[in-house]
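Coordinate inspection notes
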Amino acid sequence: MTSTHGVRAMVMRGGTSKGLFFVAGDLPADPDERDDLLMKVMGTPDPRQIDGVGGADPLTSKVAIVDRCSHGVAEVDYLFLQVGVEVAAVSDRQNCGNLLSAIGPFAMERSLLEFPDGMAETRVHMLNTDSVATARFEIAEGAPVYAGSTAISGVPGTAAAVTLEFSDISGGSTGALLPTGRVVDQLAGVPATLIDNGMPVVVMRAADLDVTGYESCADLEGNDDLRGLLEKIRLEAGPMMNLGDVSEATIPKLTMVAPPAGSGDLCTRTFVPHRCHQAIGVLGAVSVATAALIPGSPASEVLRHAAGSSVVTLEHPSGTFEAVVELSMDSGAPVVVRSGIVRTARKLMDGLVYPRSY
Ligand code: NQM
């Protein structure tokens, strides 16, 4: 039926990612049926996703499912699904802070939320990690405003800002900010911080992996020795981070850090986890910034940051990313008081999407 009549969907850019947005009621309730439909819509599995609307890259093969939140913690529920490109898989095991920036506007587009003109504020319940983000975005003439003057690295031009604030994202996937209880662990002989402030990430110094950390993504993806070592580290990190066997999972991510090359505080290169990110994921960036602020971490040794400032500017392959992290060490162990970011989002297309019939 759906291959004939189509399924209601909107294509939106959220931050440096792009995905297909659905209202929950427009998709099958059964997760297996839903995932099968999503792969048929995106064109998975195929490296070019040629028979679907996926963009042949993990950052554009993403789905957001949105609904009214049925309990008091928030106004809307957001489930993020990473749809494989080459691999026939759909995963709900990671969150996406980039698509998150488009959730409020999408919910308003679909009349799940109503706001008067001015700055709208809404709480989004992120189902993947059972945590809440507060999103702020502008409304004019009864609709979300997409045009604006905010530039973010990795997206050409400017658009309206969406600010996101997080209060309870520590340990969302792993149970704790530092799931091993340590600031430094040794994995395959490489010192690393295993951290989860919204996204589970293994943070290492690039120099400890025999790279500079300033290479292009193409060079890093072409370095087979590095990729072999990173995967070895990731598979070791999975159980240590309470994630179990991660051979089929898209988490943890891997970030290599180096002293800033420009005016930022820290230079980063991130694998998500098998492709090199052209920028850095939102929650990934928040986790990396947090690791760098913890005294004694490998990342803290390459951080060049004004003491006391809660803004950490991360350099990445296509520019910089500013993460706001307020960390308290009052109890001796790091506790995240507040994290936040600024993104932009845009409605790209609205209509019906047609799954392949085979
Ligand atoms: O870290 C890529 C992205 C992401 C995820 C990834 C994200 C985040 O750039 O919050 O947004 O890490 O797979 O969208």
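This report concerns the structure included in the present document. (Residues numbered from 1 in each chain as written. Predicted model: local features only at pLDDT ≥ 70, side-chain atom pairs only at ≥ 80, totals over all residues. Heavy atoms only, no water.)

1. Structural notes on the overall build of the protein
In terms of helices and strands, the protein carries 7 helices and 17 strands. Scaling as 2.2 N^0.38, a compact globule of 358 residues should have a C-alpha radius of gyration of about 21 Å, and the protein matches this with 20 Å. Along the longest, intermediate and shortest principal axes, the C-alpha atoms of the protein span 55 × 45 × 35 Å. A total of 358 residues make up the protein; the buried ones form 55% of that total. Within the protein, contacts between residues separated by at least 24 positions form 63% of all contacts whose residues are at least 6 apart in sequence. Taken as a whole, the protein presents about 14100 Å² of accessible surface, with 50% of it coming from carbon and sulfur. Averaging the locations of the 26 positively and 43 negatively charged side chains of the protein gives two centres separated by 3 Å. (Helix = DSSP H or I, 4+ residues; strand = E, 2+ residues; numbered from the N terminus. Rg over C-alpha atoms; globule rule 2.2 N^0.38 Å. Buried < 20%, exposed > 50% of the residue type's maximum accessible area, 1.4 Å probe, protein only. Contact = heavy atoms within 4.5 Å. Areas by Shrake-Rupley, 256 points an atom, 1.4 Å probe, with all protein chains shown as cover. Lys, Arg positive; Asp, Glu negative; His and termini not counted. Charge placed at Lys NZ, Arg CZ, Asp CG, Glu CD.)

2. Some details on the pattern of salt bridges
One pass over the full model with this rule turns up 15 salt bridges. Of the charged contacts in the structure, one is a salt bridge between Glu301 and Arg205, with a shortest N-O distance of 2.4 Å. Residue Glu301 is located in the loop between α7 (282-293) and β15 (311-316), and its partner Arg205 is located in strand β12 (residues 200-205); the two are separated by 96 residues in the primary sequence. Relative accessible area serves as the criterion here: at 15%, Arg205 is assigned to the buried category. (Salt bridge = Lys/Arg side-chain N within 4 Å of Asp/Glu carboxyl O.)

3. Quick notes on the pairing of strand β9 (residues 161-166)
On β9, burial follows the alternation: Val162, Leu164 and Phe166 on one face are buried, whereas Ala161, Thr163 and Glu165 on the facing-out side are not. As paired elements, strand β7 (residues 131-140) and β9 share 4 bridges and run antiparallel to each other. Across the sheet, Thr134 pairs through a bridge with Glu165, a residue of β9. Summarising the sheet, β9 and strand β17 (residues 335-353) pair through 6 bridges and their orientation is antiparallel. What sits directly across from Thr163, in β17, is Val342. (Pairing = 2+ DSSP bridges.)

4. Some remarks on α7
Taking 1.5 Å per residue, 12 residues should reach 16 Å; α7 reaches 17 Å between its end C-alpha atoms and fits that length. Judged by how many residues are buried, α7 sits mostly within the fold: 11 of 12 residues are covered. The complete set of buried residues in α7 reads Val282, Leu283, Gly284, Ala285, Val286, Ser287, Val288, Ala289, Thr290, Ala291 and Ala292. (Expected span 1.5 Å × (residues − 1).)

5. What about the state of the cysteines?
This model, assessed by the stated rule, comprises 1 disulfide. One disulfide in the model links Cys217 with Cys276; its S-S distance is 2.3 Å. Judged by the sign of its S-S torsion, about -60°, the cystine formed by Cys217 and Cys276 is left-handed. Of the two residues, Cys217 is situated in helix α5 (residues 217-221) and Cys276 in the loop between β14 (266-271) and α7; the sequence distance between them amounts to 59 residues. Counting only cysteine sulfurs, Cys276 is the nearest neighbor of Cys267, a cysteine outside any disulfide, at a range of 11 Å. (Disulfide = S-S within 2.5 Å.)

6. Examining the side chain of Arg356
Position of Arg356 relative to the elements: it lies in the segment after β17. Salt bridges are absent for the buried Arg356, whose nearest opposite-charge side chain, Asp51, sits at 5.5 Å. A polar atom in the side chain of Arg356 sits 2.9 Å from the backbone oxygen of Thr44. Looking at Arg356, its side chain comes within polar contact range of the main-chain oxygen of Tyr358, at 3.2 Å. (Polar contact = N/O pair within 3.5 Å; in protein donor to acceptor, adjacent residues only side chain to side chain.)

7. Looking at the environment of Asn197
Mapping Asn197 onto the fold places it in the loop between β11 (190-196) and β12. A relative accessible area of 0% places Asn197 in the buried class. Considering only alpha carbons, one finds Asn197 and Arg227, 30 residues apart in sequence, at a separation of 24 Å. Those residues in contact with Asn197, other than ones at most four positions away along the chain, are Ile169, Ser170, Leu177, Leu283, Val286, Ser287, Thr290, Val325, Val336 and Ser339. Within the local environment of Asn197, its side chain forms a polar contact with the side chain of Ser339, the two groups lying 3.4 Å apart.

8. Concerning the site of the ligand
Around the ligand lies a shell of 15 residues, among which Ser17, Lys62, Gly97, His277 and Leu283 are the nearest. Within the backbone of Gly97, an N or O atom sits 2.7 Å from an oxygen atom of the ligand. Within the side chain of Asn98, a nitrogen or oxygen atom sits 2.9 Å from an oxygen atom of the ligand. A total of 350 Å² of accessible area belongs to the ligand in isolation, and the protein chains cover 98% of it. Mapped onto the shell around the ligand, the elements with two or more residues apiece are α3 (97-100) and α7. Across the shell around the ligand, the residue classes break down as 6 nonpolar, 7 polar and 2 charged. (Near = heavy atom within 4 Å. Nonpolar A, V, L, I, M, F, W, Y, C, P; charged D, E, K, R; others polar.)

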